[in-house]
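# Observations on the three-dimensional arrangement
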Amino acid sequence: MTSATRTSPVWSVVGGNPVRLVLSPWPWRSLAYLLTGAVIGLVSLVGFFVTIGVGVVTTPLIIGLFILGALPKLGAMIAVVERRRLPLMLGEAAAPGPSETPWWRTPRDAASWRALGYAVLLALILWAVDALVVVVVVTTVVVSLLSPLLAHYDTVGMLWWQLDSTREALPFAIIATPVGLVLGSYVLTVLAAAQSSLARILLSPREEELEARVTELRRSRIDLVDAFETERKRIERDLHDGVQQRMVALTMLLGRAELDVPEGEGLALVRQAHSEAEAALADLREVVRGVHPRVLTDLGLGAAIREVADRMPIPVRVDVSLDERPPAQVEAAAYFVVSEGLANVAKHAEARSAAIQARRAGDSLVLVVSDDGHGGAVVGEGTGLSGLVTRLDALGGTLTVTSPAGGPTELRMESPWHVDR
Amino acid sequence: MARRPLRIVLAEDSALLREGLIGILERAGHEVVASATDPDELVAAVRADRPDVVITDVRMPPGHSDEGLRAAAAIREEQPALPILVLSQYVADAYLPVLMDSTGTAGIGYLLKDRVGRVADFLVSLDQVVEGQTVVDPEVVRQLLARRSDDGPLAALTAREREVLALMAEGRTNGSIAAALFVSDAAVRKHVGSIFAKLDLGDDHDRRVSAVLTYLRGQ
């Protein structure tokens, strides 16, 4: 989204019917905007002068340098107030959001320097223009309206008219007041609209900054995927080095006990305990496989996919032809797409066979899981696939399902081969 | 029967499991002449102590990946006549090529660590490896069979023949297969002959485990 596409509704009112403009809230809003602008600008001017003055005077005491160094922060503070004021003219939607950099931090990006520039402009010029225009417009309209009354006591001079009595002033008031109202409304509204547009341009992040933020977001999402992977590997290792090892040691101990315990009920119990321990170990191996498969780390995607395929109750044709191994995040995403995809085939598809194909196409990894089941599959909430979509999204990849009723179903993953940061 | 006591070099980085293994091996009358905790120590111990057999864990420092397996393959290159039994908390047929495609002539074994607890079976497997045979974990055989389930010649086997094939692939003797399936030795011999014919495995029954595994791996 660029600033140009987000114009304020005030401009369309300015270009429309003058009566509608005068009757709309815009002149009043503009008046409020300009009045507050004049006050804030004046206060800013005083703030700049005091800061610079005190800073220059105390420079020999070193502290002055710090005070002068705080000028950008003063600019940022004024920008914070100005951003609050902008919705008055722009509406909530079009107004820029708060700055990324809090005002107490020394600004480093271009946006913060533009904000300082705007603050200086406001303090030196804009507030004076605002004050002058408001005073002239308000005075003209009020005096026109009250001219019959004022002319009763004194001569009223309006532009090139001299009004000496109420009788003279009455027709003037009847004609000049509406004209003054309309003209005044235009002047106030156009000035306020122009100033608020200027403020928005100077106080909004620019396109390149938005792009930088998008890049930053992308990087942090990849970091998140990395952290997720690292965490799974850590859990797998903890299980391997911890509980799994103790369970193996336990089966060894029970095996030795079987040799020493005399035949009888005691031995039967030891044997039963041994079988239970073995069953627990087998279960644990399944859990560990689900957390992070060892084969994937050691031997890569082809071997890991074949292992998942072997566990399927139906025949699965595996065709993985990759000359080199993709980065670990891509490999892991592909593996979990296959294991999740095949789990869905086994659960829902009533398929007789399935096939997995993985190959490199240019700078992408393309992986397709297909089955000859009854189709009708969707990537919905609550399926393991929706989590994988998010994960692939972070890598810049996609996951699509084509599954017409009656089948066949095809789950297709495409991911960039390289993970750019 | 293998020579006793066997002189064994053991590589296992977990003290808990090392003690458990040493306990079982020494109770069986074997001698653990050296125990290593990483691949370098293992290779050094094999060179220094000239053991009868090596028992090694797959996952070892520094990478906690498949260092033990790689070390076993390296040792086999260096000493083709040294039998090696590889143990793991997790087995997969994908690791077989690392072990079986090396040039060694001596016995080789690849078992889940859980099997050690079945002490009698484990000691038989160890003896078989020392005698030059190949012993493969039933879990690996199951994976291999699942891989080849849609294959033509395999589909021609009877259910009983498939059971015999699986036990053969594990490295079991005819006697052991007969005991496991509650049939006579003669019946097992008949099944084995039939399997060899149907799968066209030739007639070198001395190296039948390798022949069966090679067939199952699709090579």
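Per an unreviewed UniProt entry, the recorded name for chain B is Response regulator transcription factor, and the organism is Aeromicrobium ginsengisoli.

Going by an unreviewed UniProt entry, chain A carries the name histidine kinase and comes from Aeromicrobium ginsengisoli. Comment text from UniProt for chain A, heading Catalytic activity (unreviewed entry), reads "ATP + protein L-histidine = ADP + protein N-phospho-L-histidine."

Right, let's talk about the overall build of chain A for a bit. From N to C terminus, chain A includes 14 helices and seven strands. For chain A, long-range pairs separated by at least 24 residues make up 71% of all intrachain contacts whose partners lie at least 6 apart in sequence.

Below, the discussion takes up the overall build of chain B. Secondary structure assignment for chain B yields 11 helices and six strands. Look at the contacts in chain B between residues 6 or more apart in sequence, and 69% of them connect residues 24 or more apart. Carbon and sulfur atoms provide 52% of the accessible area of chain B, an area that totals close to 8600 Å².

A separate point is the sheet that holds strand β6 (residues 134-136) of chain B. Residue and element names in this part refer to chain B. The parallel open sheet is built from six strands, whose spatial order is β2-β1-β3-β4-β5-β6. With partners counted over all chains shown, the strands left at the sheet margins are β2 (31-36) and β6, one partner each. The average undirected angle you get between the axes of adjacent strands in this sheet is 20°. Bridge analysis of strand β3 (residues 53-57) against strand β4 (residues 84-88) gives four bridges, and the strand direction is parallel. In the strand pairing of β4, Ile55 is matched with Leu85. Each of β1 (7-11), β3, β4, β5 (108-112) and β6 is contacted by helix α5 (residues 119-130), which is oriented at about 140° to β4, the strand it contacts most.

Each side of the interface is counted separately: chain A has 31 residues, and chain B has 34 residues. Between chain A and chain B lies a buried interface of about 3000 Å² when both sides are counted; carbon and sulfur atoms form 52% of it. On the chain A side of the interface with chain B, the three residues burying the most area are Met252(A), Arg285(A) and Asp310(A), jointly 22% of the side's total. At the junction of chain A and chain B, the tally comes to five salt bridges. Across the pair Arg59(B) and Glu236(A) runs a salt bridge whose closest N-O atoms are separated by 2.9 Å. Where chain A packs against chain B, one counts 13 residue pairs in polar contact (both at pLDDT 80 or more). Those elements that place two or more of their residues in the side of chain A that touches chain B are α9 (207-260), α10 (265-291), α11 (294-299) and α12 (301-310) of chain A. Ranked by residues supplied to the side of chain A that touches chain B, first place goes to α9(A) with 15 residues.

For the rest of this paragraph, the subject is the pairing of β4(B). Each regular strand displays side chains that alternate between the two surfaces of the sheet. Residue and element names in this part refer to chain B. Most of β4 is tucked away: five of the five residues are buried. By the alternation rule, side chains of β4 split into Ile84, Val86 and Ser88 and Leu85 and Leu87, which are all buried. Crossover handedness for the path β3 to helix α3 (residues 67-78) to β4: right-handed. The pairing of β4 with β5 spans five bridges and is classified as parallel. Among the inter-strand pairings, Leu87 is bridged to a residue of β5, identified as Leu111.

What follows deals with the packing of aromatic side chains. Residue and element names in this part refer to chain A. Taken as a whole and judged by the stated rule, the model has one aromatic pair over all chains. Aromatic side chains Tyr335 and Phe336 sit 5.2 Å apart centroid to centroid with 85° between the ring planes, which places their arrangement in the edge-to-face category. Of the two residues, Tyr335 and Phe336, both sit in the buried class. We note Arg29 situated over the ring of Trp26; from NZ or CZ to the ring centre the distance is 4.9 Å.

Glancing now at the packing of helix α8 (residues 159-170) of chain B against helix α9 (residues 174-181) of chain B. Residues and elements named next belong to chain B. In the contact formed by α8 and α9, the axes pass within 10 Å of each other and the chain directions differ by 130°. One element, α8, and the other, α9, form an angle in the oblique class. The handedness of the crossing between α8 and α9 is right-handed. Touching Arg160, Glu163, Val164, Leu167 and Met168 of α8 are Ile177, Ala180 and Leu181, all from α9. For the contact of α8 with α9, a count of residues per class yields six nonpolar, no polar and two charged.

Right, let's get into the pairing of strand β5 (residues 364-371) of chain A. Residue and element names in this part refer to chain A. Of all eight residues that make up β5, six are buried, and the element is covered over most of its length. Sheet topology note: the strand β4 (residues 354-361)/β5 ladder contains eight bridges and is antiparallel. Bridged to Ala361 within β5 is Ser364. In sequence, β4 turns back onto β5 through a hairpin of two residues, with Gly362 there showing a positive phi of about 65°. In the sheet, β5 pairs with strand β7 (residues 409-416) via eight bridges, with the strands oriented antiparallel. Looking across to β7, one finds that Val368 is bridged to Arg412.

Listed under "modified residue: 4-aspartylphosphate" (unreviewed entry) in the UniProt record, and renumbered for this structure, are Asp57(B). For Asp57(B), the location among the structural elements is in strand β3.

With that settled, the discussion passes to unusual backbone geometry. All names here are of chain B. For the peptide bond that leads from Pro61 to Pro62, omega is 5°, which places it in the cis range. Note that Pro62 resides in the loop between β3 and α3. Although it is not a glycine, Phe182 sits at a positive phi angle of roughly 55°. Tracing the backbone through its elements, the reader meets Phe182 in the loop between α9 and α10 (185-199). Residue Asp200 is not a glycine yet carries a positive backbone phi of 60°.

Let us now look at the nonpolar core. If you look at the biggest cluster of nonpolar residues, it comprises 94 residues, and the most contacted ones within it are Leu342(A), Leu367(A), Leu42(B), Tyr110(B), Leu165(B) and Leu216(B). With 10 residues, helix α13 (residues 328-349) of chain A is the single largest residue contributor to this core.

Our next topic: a nonpolar patch on the surface. Residue and element names in this part refer to chain A. A cluster of nonpolar residues, Val138, Val142, Leu145, Leu146, Leu149, Leu150 and Tyr153, forms a patch on the protein surface that exposes about 670 Å² of accessible area. Residue position: Val138 is located in helix α7 (residues 110-153). The class for Val138 is partly exposed, based on a relative accessible area of 35%.

The subject of this paragraph is the side chain of His240(A). Position of His240(A) among the secondary structure elements: in helix α9. Its relative accessible area of 8% is what places His240(A) among the buried residues. With sequence-adjacent residues up to four places away left out, His240(A) is seen in contact with Gln245(A), Arg59(B) and Gln89(B).

On to the packing of α12(A) against α13(A), then. All names here are of chain A. In the contact formed by α12 and α13, the axes pass within 10 Å of each other and the chain directions differ by 15°. In terms of orientation, α12 and α13 fall into the roughly parallel class. Between α12 and α13 lies a crossing of right-handed hand. Across from Leu301, Ala304, Ile305, Val308 and Ala309 in α12, the residues of α13 making contact are Glu331, Ala334, Tyr335, Val338, Ser339 and Leu342. Considering only residue class, the contact of α12 with α13 consists of nine nonpolar, one polar and one charged.

Here is what the cut-offs are and how they apply
- Residue numbers restart at each chain and count upward from 1, following the sequence in its written direction.
- Throughout, the order in which chains and ligands are written sets their labels, letters from A for the former and numbers from 1 for the latter.
- Local features in this predicted model are restricted to residues whose pLDDT is 70 or higher, and side-chain atom pairs enter the listing and the counts only when it is 80 or higher, whereas totals over whole chains, interfaces and linings include all residues.
- Remark: hydrogens and water are excluded; side-chain values derive from all non-hydrogen atoms of the structure.
- UniProt positions are given in the numbering used here, feature names are shortened, and annotations may be inferred rather than shown by experiment.
- Helix and strand assignments follow DSSP, with helices taken as H or I runs no shorter than four residues and strands as E runs no shorter than two, numbered in order from the N terminus.
- A contact between two residues is defined here by any heavy atoms of the two lying within 4.5 Å.
- Only the protein chains shown count as cover for residues, and the accessible areas themselves come from Shrake-Rupley with a 1.4 Å probe.
- Criterion used throughout: strands pair if DSSP finds at least two bridges between them.
- Lines fitted to the C-alpha atoms define the axes, with helices restricted to the stretch that makes contact. Angles between their N-to-C directions range from 0 to 180 degrees.
- A 1.4 Å probe defines the accessible area here, and the buried area is the portion of it lost by two parts on being joined, summed over both.
- Each salt bridge in this description consists of a side-chain nitrogen of Lys or Arg and a carboxyl oxygen of Asp or Glu lying within 4 Å of one another.
- Polar contacts, as used here, are pairs of N or O atoms within 3.5 Å; protein pairs need one atom able to donate a hydrogen and one able to accept it. Residues neighboring in sequence count only if both atoms are side-chain atoms.
- Partly exposed residues are those whose accessible area sits between 20% and 50% of the maximum for their type, while under 20% is buried and over 50% is exposed, using a 1.4 Å probe and protein chains only.
- Convention used here: a crossover is right-handed provided that the path from the first strand, over the helix, to the second strand proceeds clockwise when the strands point away from the viewer.
- Ring pairs are drawn from Phe, Tyr and Trp, using the six-membered ring of Trp, whenever the two centres fall within 6.5 Å, and their geometry is named by plane angle: stacked under 30 degrees, edge-to-face over 60, tilted for the rest.
- Put simply, a charge is over a ring when the Lys NZ or the Arg CZ is close to the ring centre, within 6 Å, and near the line of the ring normal, within 35 degrees.
- Relative orientations are named as follows: roughly parallel for angles under 35 degrees, roughly antiparallel for angles over 145 degrees, roughly perpendicular for angles from 65 to 115 degrees, and oblique for any other angle.
- A crossing counts as left-handed when the near helix is turned anticlockwise from the far one by less than a right angle, and as right-handed when that turn is clockwise.
- Here the term charged refers only to Asp, Glu, Lys and Arg, the term nonpolar to Ala, Val, Leu, Ile, Met, Phe, Trp, Tyr, Cys and Pro, and the term polar to all other amino acids, Gly among them.
- Residue types Ala, Val, Leu, Ile, Met, Phe, Trp, Tyr and Cys, when buried and joined through side-chain atoms within 4.5 Å, form a set referred to as a nonpolar core.
- Only residues whose relative accessible area exceeds 30% and that take part in no salt bridge are eligible for patches, with like-charged residues grouped when within 9 Å of each other and nonpolar side chains (Val, Leu, Ile, Met, Phe, Trp, Tyr) grouped when within 5 Å.

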